Amino acid sequence: MAYLLAIDTSAGTSVAVLKDGIALSEIEIADTRSHTESIGNAIESALTQAGVKPNQVQSVAVGRGPAPFTGLRVGIAAAIMFAEGSGAKLFGVVSLDAIAKQELSTRESADGGQLLVTSDARRSEHYWALYSGLDRHGVPVCVEGPSVNRPADIEAMLLTRGITAARTSVVISARAIGELFEAQAASGVLSDDITALYLRNPDAVEPKNLRDFGKKVSG
Amino acid sequence: MSDWIIRPAVETDLAAIMAIEHACFPEDAWSQDNMRFELLAHHTEYFVAVRDEMVIGYAGLSKVPASDQGDVQTIAVLPAARGLGLGRALMEALLSAARRLHANEIFLEVRADNPVAQSLYFALGFEHIDTRKNYYQPAGIDAWIMRLVMPAGSVGREPIVLGIESTCDETGVGIVRGTTLLANVISSSMDEHARFGGVVPEIAARAHLEALKPTLDKALAEANLSLHEIDAIAVANGPGLGGAVMVGVAAAKALSIATGKPIYAVNHLVGHVGVDILERGQVETPTVA
Ligand SMILES: [Zn+2]
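Since the structure is predicted, the reported quantities are computational estimates derived from the model, not experimental observations. (Residues numbered from 1 in each chain as written. Chains lettered and ligands numbered in written order. Predicted model: local features only at pLDDT ≥ 70, side-chain atom pairs only at ≥ 80, totals over all residues. Heavy atoms only, no water.)

Participant: What's the story with the overall build of chain A in this structure? I'm lost.
Facilitator: Scanning chain A from N- to C-terminus turns up five helices and nine strands. Against the compact-globule benchmark of 17 Å for 219 residues, chain A has a radius of gyration of 19 Å, which places it among compact chains. With the principal axes as the frame, chain A shows a C-alpha extent of 60 × 55 × 30 Å. Counting all 219 residues of chain A, 53% fall into the buried class. In chain A, the share of contacts with a sequence separation of at least 24, taken over all contacts with a separation of at least 6, comes to 66%. Summing over all exposed atoms, chain A offers an accessible surface of approximately 10,000 Å²; the carbon and sulfur share of this is 51%. Computed over 20 positive and 25 negative side-chain charges, the inter-centroid distance for chain A is 6 Å. (Helix = DSSP H or I, 4+ residues; strand = E, 2+ residues; numbered from the N terminus. Rg over C-alpha atoms; globule rule 2.2 N^0.38 Å. Buried < 20%, exposed > 50% of the residue type's maximum accessible area, 1.4 Å probe, protein only. Contact = heavy atoms within 4.5 Å. Areas by Shrake-Rupley, 256 points an atom, 1.4 Å probe, with all protein chains shown as cover. Lys, Arg positive; Asp, Glu negative; His and termini not counted. Charge placed at Lys NZ, Arg CZ, Asp CG, Glu CD.)

As structure tokens, then:
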């Protein structure tokens, strides 16, 4: 029984249990500031509603973002440790790719045009990635990104390169992560890279003179 | 039919327990006062089986600290709830409590005309060592006296607790058995902060995420334990840097669900005081952590 636990906290807290690409349960908590409070109950409820015990979970797929920092790490930390505790194998999925798959698989033909997927990156910037369509296994083909820029600069870039792209900013869900995982498994392109996609360096400024700085925080 | 759970009995379970007591022992049920005394006595450990918030079975062990022998005082399961393995689960709860209390011999009495219970006790390792004639009155049924000698090495096993700490710039995983430290692995991101002259929360939180698995694996290896031998998980849930604490708490919650082990939150500052007490036996008061 190939049960998959899918987790994504790049937006709200989303957990789903799937079997052969079909969602048996979905827990969606939209709040983008309660990931840590919600992640435990979300995983537990998803498993109970699907009637699946932790040791029956064969794989865990977690969204890697991109997303603004703190919330993203909650899902990844939970995925790492759930896999460690249950013995399940751990895989990473780019959240923007999962959104692209949802959007592209609902269109009859990608009408040749490309798809621009964006999500809020705060500080008036967007995370974005450009897709040319789905491959024969249903895996979205990313031609550019993921990256983070101001919306105006993204538009300017598309314009100068004469790219016409449909747009979507559908919110990510764990079910979408699970469905992309299924397609990736079918085409043998699963990835065990679960590093978080921050796409920004931590905003920390090196002070000019370090002489009078010691380690400020006691252990 | 939802699962049942076994948990320690509390005084508010008394009425439910008495209802079962009368159903199972119509001729020789204990009085409510006796049962209350048993539940609350210091030298006894009572457990109840609960399903859909209803008590459907109970069992009790008596073990005085001075002796290394324990006695199964009583065990009863509602007739409607039999055949589900409740009897065995309750007995296992008693035996694990007995081990924790350093009892290496456990005694019980069972009616000579109750082969079902006898086969459970044989399966748990009890032996029939004696028979008391006409022990159960008024029916005049004999009683078998049975004894279990605990396997060596299983006695007095104190709880093994895995602790996770990520409130600042050090990811720590520690494992203790009772108050014996088995492993204490620290992975620090201190040098990544040096050039900034202080701990940068975002750098610390990113480092915690990367350090989680390696630190846990190293601690388990150092303690020569697998995750399934851990009895409980404790995690520092602050005070500390928000982003950093979140990583440890999310990790601990998922580990607890995956392994089915209970999880406890610990205040980081209480941890400091705890360390002093462990190392020096006590801490002068007032003390500031
Ligand atoms: Zn401290």
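Don't stop here, the text continues.
Participant: Would you mind showing me how to read the pairing of strand β6 (residues 127-136) of chain B here?
Facilitator: Remark: a regular strand shows side chains that alternate across the two faces of the sheet. Residue and element names in this part refer to chain B. Direction of pairing for β6 relative to strand β7 (residues 141-149): antiparallel, over a ladder of six bridges. Its bridge partner being in β7, D130 is matched across the sheet by I145. Hairpin connection, β6 to β7: the antiparallel pair is bridged by four residues, and G140 has positive phi, about 70°. (Pairing = 2+ DSSP bridges.)

Participant: Mind showing me how you'd approach the packing of aromatic side chains here?
Facilitator: Aromatic ring pairs are defined here through the distance separating the ring centres and the angle between the ring planes. Across all of its chains, the model carries four aromatic pairs over all chains by this definition. Here the aromatic rings of F122 of chain B and W144 of chain B are separated by 6.1 Å at their centres, their planes lie at 65°, and the arrangement is edge-to-face. Of this pair, F122 of chain B sits in helix α4 (residues 115-123) while W144 of chain B sits in strand β7, and the two are 22 residues apart along the sequence. A cation sits over an aromatic face here: R111 of chain B above Y136 of chain B, 5.6 Å from the ring centre. If you follow R206 of chain B out to its NZ or CZ, it ends over the ring of Y198 of chain A, 3.6 Å from the centre. (Phe/Tyr/Trp six-rings, centres within 6.5 Å; stacked < 30°, edge-to-face > 60°. Lys NZ or Arg CZ within 6 Å of the ring centre and 35° of its normal.)

Participant: Would you mind showing me how to read helix α4 (residues 151-160) of chain A here?
Facilitator: For an α-helix the count is 3.6 residues per turn, leaving residues at separations of three or four pointing the same way. Residue and element names in this part refer to chain A. Along α4, the residues that are buried comprise I154, M157 and L158. All buried residues of α4 lie within an arc of 95° about the axis, which places them on one face of the element. In α4, those exposed residues whose orientation departs by more than 90 degrees from the buried face are L159 and T160. As for α4, its buried residues are in contact with β6 (114-120), β7 (126-134), β8 (140-149) and β9 (165-168). G162, located one to two residues past α4, shows a positive phi value of around 60°. (Arc of directions from axis to C-beta.)

Participant: I keep staring at unusual backbone geometry and nothing clicks. Help me out?
Facilitator: Glycine aside, negative phi is the norm for most residues, and most peptide bonds take the trans geometry. Of note, the amide linkage connecting G65 of chain A to P66 of chain A takes the cis form, showing an omega dihedral of 10°. Tracing the chain through its elements places P66 of chain A in the loop between β4 (57-63) and α2 (70-86). With an omega of -5°, the peptide bond running from G238 of chain B to P239 of chain B counts as cis. For P239 of chain B, the location among the structural elements is in the loop between β11 (232-236) and α7 (242-259). Backbone geometry at E53 of chain B places phi at a positive 60°, although glycine is not the residue there. In this model, H102 of chain B sits at a positive phi of 65°, which is unusual for a non-glycine residue. The topology assignment puts H102 of chain B in the loop between α3 (86-100) and β5 (105-111).

Participant: Just checking my understanding: could you explain the interface of chain A and chain B for this structure?
Facilitator: Where the parts come together, the accessible area they lose is often given as the size of the interface. Each side of the interface is counted separately: chain A has 39 residues, and chain B has 35 residues. Each partner contributes to the roughly 3,000 Å² buried at the junction of chain A and chain B, and carbon and sulfur atoms together form 70% of this total. Among the residues of chain A in contact with chain B, R73, M81 and E84 of chain A are the three that bury the most area, contributing 22% of the side total. Inspection of the region where chain A meets chain B yields two salt bridges. A salt bridge links K213 of chain B to E84 of chain A; its shortest N-O distance comes to 3.0 Å. Across the contact surface, chain A and chain B share five residue pairs in polar contact (both at pLDDT 80 or more). (Buried area = accessible area lost by both parts, 1.4 Å probe. Salt bridge = Lys/Arg side-chain N within 4 Å of Asp/Glu carboxyl O. Polar contact = N/O pair within 3.5 Å; in protein donor to acceptor, adjacent residues only side chain to side chain.)

Participant: Explanation requested: the sheet that holds β11 of chain B in the structure shown.
Facilitator: Adjacent strands of a sheet form backbone hydrogen bonds with each other and so pair up, either parallel or antiparallel. Residues and elements named next belong to chain B. Ordered by their spatial adjacency, five strands build an open sheet running β10-β9-β8-β11-β12, and the pairing between neighbours is mixed. A strand with exactly one partner marks an edge of an open sheet, and here the two such strands are β10 (180-188) and β12 (263-266). Each strand of the sheet is rotated relative to its neighbour by a mean of 15°, with strand direction disregarded. Looking at chain direction, strand β8 (residues 160-165) and β11 are connected through four bridges and run parallel. Residue pairing for β11: L162 is matched across the bridge by I233. (Axes fitted to C-alpha atoms, helices over the stretch in contact; angles between N-to-C directions.)

Participant: Mind showing me how you'd approach the pattern of salt bridges here?
Facilitator: As a working rule, side chains carrying opposite charge can pair if their charged atoms are close by. All names here are of chain B. Considering all chains together, one arrives at 21 salt bridges over all chains under this definition. R100 is paired through a salt bridge with E45; the nearest N and O atoms lie 3.7 Å apart. In this pair, R100 is assigned in helix α3 and E45 in strand β2 (residues 44-51), connecting sequence segments 55 residues apart. A residue is classified by how much of its surface remains accessible, and R100, at 38% relative accessible area, is partly exposed.

Participant: I tried to follow the sheet that holds strand β3 (residues 54-62) of chain B on my own but got confused; where do I start?
Facilitator: Residue and element names in this part refer to chain B. Strand order across the open sheet formed by seven strands is β1-β2-β3-β4-β5-β7-β6, with mixed pairing between neighbours. The sheet is open, and its two edges are formed by β1 (5-8) and β6, each paired on a single side. Between one strand axis and the next, the sheet turns through 25° on average, direction left out of account.

Participant: Would you take a moment to explain the environment of D191 of chain B for this structure?
Facilitator: Residue position: D191 of chain B is located in helix α5 (residues 190-194). Taking C-alpha positions, D191 of chain B is 9.8 Å from D169 of chain B, a pair spaced 22 residues apart along the chain.

Don't take any of this as a statement about function, it's just geometry.
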